[in-house]
Structure formats: C-alpha cells, structure tokens
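Below are the chains, spelled out letter by letter.
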Amino acid sequence: MSSGADVRRYGRVETPAGPRFVELEGQRAHLLADAPWTTPHRTGEVVPLDGARWLVPTTATKVVAIGQNYRKHAEEMGKAVPLEPLLFMKPTTALNPHLAPIVLPPDSQEVHHEAELALVIGARLTRASEAEAAAGIFAVTCFNDVTARDVQRREVQHTRAKSYDTFACCGPWMVRGLDVTDRLVTCRLNGVERQSGRTSDMVHPPAKLVAFISQVMTLLPGDVVSTGTPSGVGPMKDGDVVEVELEGLGVLVNPVRR
C-alpha cells in the first residue's frame, strides 16, 4: 500500500435507512452508493461524525487471523515462531465495532486483549502471488483479537477461545493508502500502555500472509485478515476500557462488561 497524499478513510455507520458505507472527510461522513472497493460515487448525502453510531467498517464473509506473528509474543507464550503462517478463524458473529462492549463469557475467567493491524481485502484472491496479494489489500484497520486465555490453554485448537461473540473488535474505520511497513501498534488498558510493537517486527508481512491464505481459501472483497499481536497481552476485567491504536490510522475503543 502506498503512503502518498491520497490516504482515504472509509467506514460504516447506522442511518435511519440502515447501515451505509461512508467516506470520511474532516468532521463529515459522505454516504457512498456501494462498498468503497467497488469505486462507488458519493450520493450527495452527508452525516456529521458527532453522534455517529459506528459499525464494523467492512462486510466480511470471514475473519482469518494469524497466530504468533511477532517474535516477542511467541516468546511470551512459550512457543516457537512458526515457519509458515499459523492460521485460525474467527466467526463473523464475533465482529464488534468501535465503542461496543466486549462481553466476558461466563465460562472464562481470563480474557486477554491482543492489539493488531488488520487488512481489509478488496478483490477476489485465489492462489495469488505476493504482488497480486499486495494489490488486493484494499485498506487497513485496528483490530482486537480478544482471547479467552484460560480456555485456550485447555484446548489444542484456538476456535472456542477466539470465537465468543464480541471477540473480534474492528474499527473505527479503515484507511486506504497508508504504508504499514513500519507502524506502531499500541494497546492501552484504562489509559495505561500494555502493548507496543512495530509492524516491521512481523515474522510474515501482510502481502505474504494474504498470498499464503489465498493458497488455502479464496479471499473475497470485504474479508478481514488480522496479522498477529505484539508482546504484552494481558487480562481485562469488567469495567475496563481497552484501546487499540495504529499509528496514523486511529483508535479503536471498547468497554469491557461481564
């Protein structure tokens, strides 16, 4: 993705007519006729950002996530760095927008935050080369790969620990044209920094991840690929507020509720 002046922000908001894609410009959101990866026109309708109800910024058919893609996080988990990207899935029912609560499930007593950079796919990709994968990444967004860590420790597979409703926080918007080769990814819990790492520390960079995934499954426009978390993951409790910030993109904020 380029890093020129043509950096654009897109999102989805709730309107009286239902969910709509918007392009953000200053403090206004211009309604779009269709999803932004289809190069739609603006409808001429404008909604103010103040008081806007943010939705997950994309309409995904699937969420593909990557485990242990930062060396220090693999170390803190006591695991080796995978030779190939370690894939797992999160259901779309886990997607959770900016400002919506993370709901702690009754069968877990240790739910962790995992701040991540996520990719939004903009083209159909099947067995793509890295160059095709890079061109097929439409935008990037902030992501919190919420994890029931005690459940994860008890099980071989990641599915249950990663799939609870509200465990895929995403937003508040997506940014196109942002160079994410070396961006700071930060997590704050109640205003205190807990995670900090740079995307340049990834074991497998974004285009390689997308190309690898596309050898297994077809990626469709709107799909989300979360790229792994830096070290410093830790627990959240009822009443906490967790923030995920990607340098140059924005801040995803979610309260935590039991």
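Let me begin by describing the structure that accompanies this report. Bear in mind the structure is a predicted one, so any value in this text is a computation, not a measurement. (Residues numbered from 1 in each chain as written. Predicted model: local features only at pLDDT ≥ 70, side-chain atom pairs only at ≥ 80, totals over all residues. Heavy atoms only, no water.)

## Observations regarding the overall build of the chain
Counting secondary structure elements, the chain contains 5 helices and 20 strands. For 258 residues, the compact-globule estimate of 2.2 N^0.38 gives 18 Å, and the chain sits close to it at 17 Å. Every one of the 258 residues in the chain was classed for burial, and the buried ones make up 55%. Partitioning the intrachain contacts of the chain with sequence separation of at least 6 by distance along the chain shows that 72% fall at a separation of at least 24. When the 28 positive and 30 negative side-chain charges of the chain are each reduced to one mean point, those points stand 2 Å apart. (Helix = DSSP H or I, 4+ residues; strand = E, 2+ residues; numbered from the N terminus. Rg over C-alpha atoms; globule rule 2.2 N^0.38 Å. Buried < 20%, exposed > 50% of the residue type's maximum accessible area, 1.4 Å probe, protein only. Contact = heavy atoms within 4.5 Å. Lys, Arg positive; Asp, Glu negative; His and termini not counted. Charge placed at Lys NZ, Arg CZ, Asp CG, Glu CD.)

## Quick notes on the pairing of strand β6 (residues 63-67)
Of all 5 residues that make up β6, 5 are buried, and the element is covered over most of its length. Covered by surrounding structure in β6 are V63, A65 and G67 together with V64 and I66, the residues of both alternating faces. As paired elements, β6 and strand β7 (residues 86-90) share 5 bridges and run antiparallel to each other. Bridge pairing in β7 links V63 to K90. (Pairing = 2+ DSSP bridges.)

## Quick notes on the sheet that holds strand β9 (residues 102-103)
In spatial order, the strands read β9-β20-β19-β15-β16; together these 5 strands make up an open sheet with mixed pairing. Of all strands in the sheet, those with a lone pairing partner are β9 and β16 (192-198), marking the two edges.

## Remarks on the packing of aromatic side chains
Enumeration over the complete set of coordinates arrives at 5 aromatic pairs. Ring centres of F21 and W37 lie 5.6 Å apart, and the angle between their planes is 75°; this geometry places the pair in the edge-to-face category. With F21 in strand β2 (residues 18-25) and W37 in the loop between β3 (28-32) and β4 (42-48), the pair connects residues that are 16 residues apart, well separated along the chain. For the pair F21 and W37, a shared accessibility class is recorded, and that class is buried. An angle of 65° between the planes, with centres 5.4 Å apart, marks the rings of W54 and W173 as edge-to-face. With a gap of 119 residues between them, W54 in strand β5 (residues 54-55) and W173 in strand β14 (residues 168-176) connect regions that are remote in the sequence. With respect to burial, W54 and W173 carry one shared label: buried. Through a chain of ring-to-ring contacts, three or more aromatic side chains come together here, namely Y10, F21, W37 and F138. When the ring centre of W173 is taken as reference, the NZ or CZ atom of R9 above it lies at 4.9 Å. For the cation-ring pair, R12 lies above F21, with the distance from its terminal atom to the ring centre recorded as 5.7 Å. (Phe/Tyr/Trp six-rings, centres within 6.5 Å; stacked < 30°, edge-to-face > 60°. Lys NZ or Arg CZ within 6 Å of the ring centre and 35° of its normal.)

## Re the pairing of strand β15 (residues 184-189)
Of all 6 residues that make up β15, 5 are buried, and the element is covered over most of its length. When β15 meets β16, the two strands line up antiparallel, connected through 6 bridges. Considered in β16, the bridge of V185 is made with G197. Count of turn residues in the β15/β16 antiparallel hairpin: 2 residues, of which N190 carries a positive phi of about 55°. Across 5 bridges, β15 lies against strand β19 (residues 241-246) in antiparallel orientation. Each bridged residue has a counterpart across the sheet, and for L189 the counterpart in β19 is V242.

## Regarding the side chain of N69
Within the secondary structure, N69 sits in the loop between β6 and α1 (71-76). Within the structure, N69 has its side chain in polar contact with the backbone nitrogen of H204 (distance 2.9 Å). Filtering out sequence-adjacent residues up to four positions away, N69 remains in contact with D201, M202, V203, H204, L209, T227 and G228. (Polar contact = N/O pair within 3.5 Å; in protein donor to acceptor, adjacent residues only side chain to side chain.)

## A look at unusual backbone geometry
Of the consecutive residues G171 and P172, the connecting peptide bond is found in the cis state with omega at 0°. Position of P172 among the secondary structure elements: in strand β14. Unusually for a residue other than glycine, L99 sits at a positive phi of about 75°. Note on placement: L99 falls in the loop between β8 (95-96) and β9. The class of L99 is exposed, set by a relative accessible area of 53%. A positive phi is found at N190, a non-glycine position, where the angle reads about 55°. Of note, N190 is situated in the loop between β15 and β16. Note on N190: relative accessible area 43%, which makes it partly exposed.

Shape is all these values report; function is a separate question.
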